[in-house]
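Observations on chain architecture
So you can see what is in the structure, the chains are spelled out below.
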Amino acid sequence: SLNGSCQKLFQTIGLDKGFFTGVKLALLSVSPMLLYSLIWGTWDDSISLMKLFNIVVIGAFFEELFFRGFLLGQLFRYAKWGFILAGLIVTVIFGCGHLYEGTDIVSSIMAGLVTGLGSLLFGWIFIECKYNLWCSIFLHMFMNFAWSSFADRKSTRLNSSHVKRSRMPSSA
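Let me sum up the structure you'll find in this document. (Residues numbered from 1 in each chain as written. Predicted model: local features only at pLDDT ≥ 70, side-chain atom pairs only at ≥ 80, totals over all residues. Heavy atoms only, no water.)

**With respect to the side chain of Asp-44**
The criterion, for reference: Helix and strand assignments come from DSSP, with helices taken as H or I runs of at least 4 residues and strands as E runs of at least 2, each series counted from the N terminus. Burial classes: relative accessible area under 20% of the type maximum marks a residue as buried, over 50% as exposed, and values in between as partly exposed (1.4 Å probe, protein chains only). The term polar contact refers here to a pair of N or O atoms within 3.5 Å; inside protein, the definition further demands a hydrogen-donor-capable atom paired with an acceptor-capable atom, and it admits residues adjacent in sequence only when both atoms are side-chain atoms.
Relative to the assigned elements, Asp-44 resides in the loop between β1 (41–43) and α3 (49–78). The class of Asp-44 is buried, set by a relative accessible area of 2%. At a separation of 2.5 Å, a polar atom in the side chain of Asp-44 contacts the side chain of Ser-46.

**Brief notes about the packing of α3 against helix α4 (residues 83–96)**
We apply this condition: Axis lines are fitted to C-alpha atoms, over the contacting stretch for helices. Their N-to-C directions set the angle, which ranges from 0 to 180 degrees. Small angles under 35 degrees read as roughly parallel and large ones over 145 as roughly antiparallel, with 65 to 115 read as roughly perpendicular and the rest as oblique. In this scheme the handedness of a crossing depends on how the near helix is turned from the far one: anticlockwise by less than a right angle means left-handed, clockwise means right-handed. Whether two residues are in contact is decided by their heavy atoms, any of which lying within 4.5 Å being enough. Polar here means any residue outside two lists: the nonpolar Ala, Val, Leu, Ile, Met, Phe, Trp, Tyr, Cys and Pro, and the charged Asp, Glu, Lys and Arg; Gly therefore counts as polar.
Their axes nearest at 9 Å, the elements α3 and α4 cross at an angle of 150°. On the basis of their axis angle, the class for α3 and α4 is roughly antiparallel. Considering only the axes of α3 and α4, their crossing is right-handed. Across the interface between the two elements, Glu-63, Phe-67, Arg-68, Leu-71, Leu-72, Leu-75 and Phe-76 from α3 touch Phe-83, Ala-86, Gly-87, Ile-89, Val-90, Ile-93 and Phe-94 from α4. Residue classes in the contact of α3 with α4 are distributed as 11 nonpolar, one polar and two charged.

**Side note on the environment of Asn-132**
Within the secondary structure layout, Asn-132 lies in the loop between α5 (105–128) and α6 (133–149). The sequence separation of Asn-132 and Gly-14 amounts to 118 residues, and the corresponding C-alpha distance is 4.9 Å. The residues contacting Asn-132, other than those within four sequence positions of it, are Gly-14, Lys-17, Gly-18, Thr-21, Gly-22 and Phe-126.

**Here's the deal with the pattern of salt bridges**
Put simply, the rule is: Take a side-chain nitrogen of Lys or Arg and a carboxyl oxygen of Asp or Glu: if they are within 4 Å of each other, that pair is a salt bridge.
Overall, the coordinates contain two salt bridges when judged by the stated rule. Asp-16 is the salt-bridge partner of Lys-17, the closest N and O atoms lying 3.4 Å from each other. What makes Asp-16 partly exposed here is its relative accessible area of 39%. A salt bridge links Arg-68 to Glu-64; the nearest nitrogen and oxygen atoms lie 2.7 Å apart.

Printed below as a string of structure tokens:
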């Protein structure tokens, strides 16, 4: 039946597990980053709510669905490859998919390395949480929120280094 097929798909990619377990783990894990951003960061008022939604919710959800739920799930869980090999393959592909975030060769490589290491972390969490994809989805979402919404006052961001920043989001 169609219902049985959907249930099997959700089970295969890890969406059948505890939704709120993912929220709690992610909030606990990312709370230091969010607190740092709130205290020492500045709100990026140049980012629209739609762009923020696309980065935080849509991007994180579909990246986790494909890279952890499908690709890592198939290589590690079903093909029985070890975590090192399966994780590194996913990490390299994920990191290469973020090279565009840099403004020059060095910042592009750094973006690929940082996001690649994040991918390895998300994969490890997915596996350690007994294939609960919600854990890595919400961790990814909350990290993207802090990363995209705030900037350290002492540094500039790659894509908006000349934008005037205010302490709180604008009402528009």
